[in-house]
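# Fold and geometry: a report
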Amino acid sequence: MNYYLFGKSGLRVSELALGTMTFGERWGWGASKAESKAMFEAYAQAGGNFLDTANLYTEGESEQFVGEFVAADRDHFVVASKYSLGSVDSDANAVGNSRKSLMSSLKASLERLQTDYLDILWLHAWDGLTPVSEVMRALDDVVRMGLVRYLAVSDTPAWVVSQANTYADLRGLTPFTGLQIEYSLIERTPERDLLPMAHAFNMAVTPWGALASGILTGKYNNAESAEGRIPAGHARLNEHNLHIAAEVSRVADELGITASQVALAWLRQQAGTMIPIVGARKLSQLEDNLASLKLELSAAHVQQLNDVSAIELGFPHSMLNAEPAQKRLLGTAFGKLQRS
């Protein structure tokens with residue numbers, strides 16, 4: 001396992017993060033405590049140190065398990081949790097991005113994790129209501145209080161993250177150094193604005209849904225009702241997505257590896273600091289994911305996968321990148337400009 005700097009910071013994290021949303025059985029489909037511990041130990045033995053959980057995951061059971069598993073060597077591990085989301089019957093002020101929600105959620109997370117600090121706190125999802133100034137001031141406060149080491153943001157529009165980090169820079173507050181988004185061969189829309197924004201602010205990117213809930217493993221191509229979280233007839237099991245999955249499987253067959261490893265390798269070879277979150281319900285699944293670290297796809301295979309999963313970037317990208325606009329924007333430098 002190699003290590004990356006976590007965005008514009010000095011924090012060193014492993015090149016795969018262990019997602020623990022599957023730790024616990026309160027949602028009816030996760031892993032038992034024994035299986036969760038086996039996965040944690042396999043990940044740690046492989047050199048992994050970056051654990052991703054949330055206050056919401058398996059109604060707090062995930063945080064409880066993680067806290068117990070890291071207790072013997074707490075400072076070795078980079079423990080990340082989240083605030084913002086809650087159960088559907090949560091009190092109005094117990095969810096969202098407000099200072100009140102932050103403080104109560106963080107307190108409860110630290111208690112469940114049996115630790116006095118988080119290495120990374122993620123804003124889990126943008127509520128569209130709380131002022132950016134309140135969010136960044138409150139988050140900076142918990143850093144200054146020593147309850148959190150670094151800040152990051154998940155599932156939030158690019159313009160909001162840009163505003164927040166610019167506000168933090170102007171006010172001398174702690175910025176977001178990481179971005180968590182859904183990103184995979186099936187979900188490439190972050191390439192429009194979220195990923196360019198992350199590169200501009202030197203943020204680490206931790207994609208979730210790397211295997212698209214199992215679609216990219218190819219199992220739904222063989223049986224639409226395959227064991228997994230997606231029921232037969234679900235909108236995501238459409239012809240386009242299954243076609244992408246079939247192409248991933250073809251590349252995997254050529255290389256003599258699994259489709260999961262191909263999908264993860266493609267993700268890891270994207271530009272910037274890309275740290276996929278790998279989550280599993282079984283130790284065998286996690287071991288398969290970890291084996292992707294040994295794989296580097298050829299340029300031809302990357303292009304093959306890019307082509308089958310390509311998306312339209314849309315306006316204004318389609319206009320600005322087109323030759324007529326480029327000629328008028330670059331003048332005599334068109335076709336001659338050396339880009340860094």
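Structural notes, computed from the coordinates. (Residues numbered from 1 in each chain as written. Predicted model: local features only at pLDDT ≥ 70, side-chain atom pairs only at ≥ 80, totals over all residues. Heavy atoms only, no water.)

## Considering the overall build of the protein chain
Basically, it comes down to this: Strands here mean DSSP runs of E at least two residues long; helices mean DSSP runs of H or I at least four residues long; both are numbered from the N terminus. For a compact globule the rule gives 2.2 Å times the number of residues to the power 0.38, and the radius of gyration it is set against comes from C-alpha atoms. Note on classification: 1.4 Å probe, protein chains only; a residue is buried when its accessible area is under 20% of the maximum for its type, exposed when over 50%, partly exposed between these limits. Contact definition: two residues touch when any of their heavy atoms are within 4.5 Å.
When helices and strands are counted, the protein chain shows 13 helices and 10 strands. The C-alpha radius of gyration computed for the protein chain amounts to 21 Å, which stays within 12% of the reference 20 Å derived for 340 residues, consistent with globular compactness. Counting only C-alpha atoms, the protein chain reaches 60 × 50 × 40 Å along its principal axes. Scored against the burial criterion, the 340 residues of the protein chain give a buried share of 49%. Long-range pairs, those at least 24 residues apart, make up 74% of the contacts in the protein chain between residues at least 6 apart in sequence.

## A word on the pairing of strand S7 (residues 148–154)
Put simply, the rule reads: At least two DSSP bridges between two strands are required for those strands to pair. Call a crossover right-handed when, viewed with both strands pointing away from you, the route from the first strand across the helix to the second goes clockwise.
Counting buried positions along S7 yields 5 of 7 residues, so the element is predominantly enclosed. Sheet topology places strand S6 (residues 118–123) next to S7; 5 bridges connect them, and they run parallel. By the bridge assignment, Leu-123 is partnered in S7 with Val-153. For the segment spanning S6, helix H4 (residues 132–144) and S7, crossover handedness is right-handed. Pairing of S7 with strand S8 (residues 176–182), which is carried by 4 bridges, proceeds in the parallel orientation. Residue pairing in the sheet places Leu-151 in a bridge with Phe-176 of S8. Taken together, S7, helix H5 (residues 158–171) and S8 constitute a β-α-β crossover, and its handedness is right-handed.

## Some points on the packing of helix H1 (residues 33–45) against helix H2 (residues 61–70)
For clarity, the threshold we go by: Axis definition: a line fitted to C-alpha atoms, over the contacting stretch in the case of helices. Angles run 0 to 180 degrees between N-to-C directions. Angles below 35 degrees are treated as roughly parallel, those above 145 as roughly antiparallel, those between 65 and 115 as roughly perpendicular, and all remaining angles as oblique. Crossing handedness is read from the near helix: turned anticlockwise from the far helix by less than a right angle, it gives a left-handed crossing, and turned clockwise, a right-handed one. Gly falls in the polar group here, along with every residue not listed as nonpolar (Ala, Val, Leu, Ile, Met, Phe, Trp, Tyr, Cys, Pro) or charged (Asp, Glu, Lys, Arg).
Look at H1 against H2: their axes get within 11 Å of each other, and the N-to-C directions meet at 50°. Taken together, the axes of H1 and H2 are oblique relative to one another. Taken as a pair, H1 and H2 cross one another with a handedness that is right-handed. Across the interface between the two elements, Lys-33, Ser-36, Lys-37 and Phe-40 of H1 pack against Phe-65, Glu-68, Phe-69 and Val-70 of H2. By residue class, the composition of the contact of H1 with H2 is 4 nonpolar, 1 polar and 3 charged.

## Some thoughts on a nonpolar patch on the surface
Defined as follows: For patch building, the residue pool is restricted to those with more than 30% relative accessible area and no salt bridge; the joining distance is 9 Å between like charges and 5 Å between nonpolar side chains (Val, Leu, Ile, Met, Phe, Trp, Tyr). All accessible areas in this document rest on Shrake-Rupley with a 1.4 Å probe, and a residue is counted as covered only by the protein chains that are shown. Criterion for a salt bridge: a side-chain nitrogen of Lys or Arg within 4 Å of a carboxyl oxygen of Asp or Glu.
Together, Phe-315, Met-319, Leu-320 and Leu-329 give the surface a local cluster of nonpolar side chains, amounting to about 440 Å² of exposed area. Here Leu-329 is to be found in helix H13 (residues 323–330).

## Things to note about the sheet that holds strand S3 (residues 17–19)
One open sheet holds the 8 strands; their spatial order is S9-S8-S7-S6-S5-S4-S3-S10, and the pairing between them is parallel. Each end of this open sheet is capped by a strand with a single partner; those strands are strand S9 (204–208) and strand S10 (277–278). Both strand S4 (residues 50–52) and strand S5 (residues 78–83) contribute to a ladder of 3 bridges, which runs parallel. Bridged to Leu-51 within S5 is Val-79. Against the sheet, H4 contacts S5, S6, S7 and S8, and its axis sits at roughly 150° relative to S7.

## Let's talk about the pairing of S8
Most of S8 is tucked away, with 7 of its 7 residues classed as buried. Two elements, S8 and S9, share 5 bridges in a ladder whose sense is parallel. The partner of Gln-180 across the bridge, within S9, is Thr-206.

## Concerning the pattern of salt bridges
When the charged atoms of two side chains lie near each other, side chains of opposite charge can form a pair. Overall, the coordinates contain 15 salt bridges when judged by the stated rule. In this structure, Asp-141 engages Arg-137 in a salt bridge whose closest nitrogen and oxygen atoms are separated by 3.4 Å. With Asp-141 and Arg-137 both in helix H4, this residue pair falls 4 residues apart, about one helical turn. Residues joined in a network through salt bridges with shared partners are Arg-99, Arg-137, Asp-140, Asp-141 and Arg-144.

## Quick look at H5
For clarity, the threshold we go by: In this analysis, the expected span of each helix is defined as 1.5 Å times one less than the number of residues it contains. In this description, the arc belongs to the directions extending from the helix axis to the C-beta atoms.
An ideal rise of 1.5 Å per residue puts 20 Å on 14 residues; H5 measures up with 20 Å between its terminal C-alpha atoms. Residues of H5 that are buried: Ala-158, Val-160, Val-161, Ala-164, Asn-165 and Ala-168. End-on, the buried residues of H5 take up no more than an arc of 165°, which puts them together on one face. Along H5, exposed side chains directed more than 90 degrees from the buried face belong to Trp-159, Leu-170 and Arg-171. Elements that come into contact with the buried residues of H5 comprise H4, S7, S8 and helix H6 (194–200). Residue Gly-172 follows H5 closely and has a positive phi angle near 70°.

It is worth stressing that arrangement in space is one thing and function is another; only the former is reported here.
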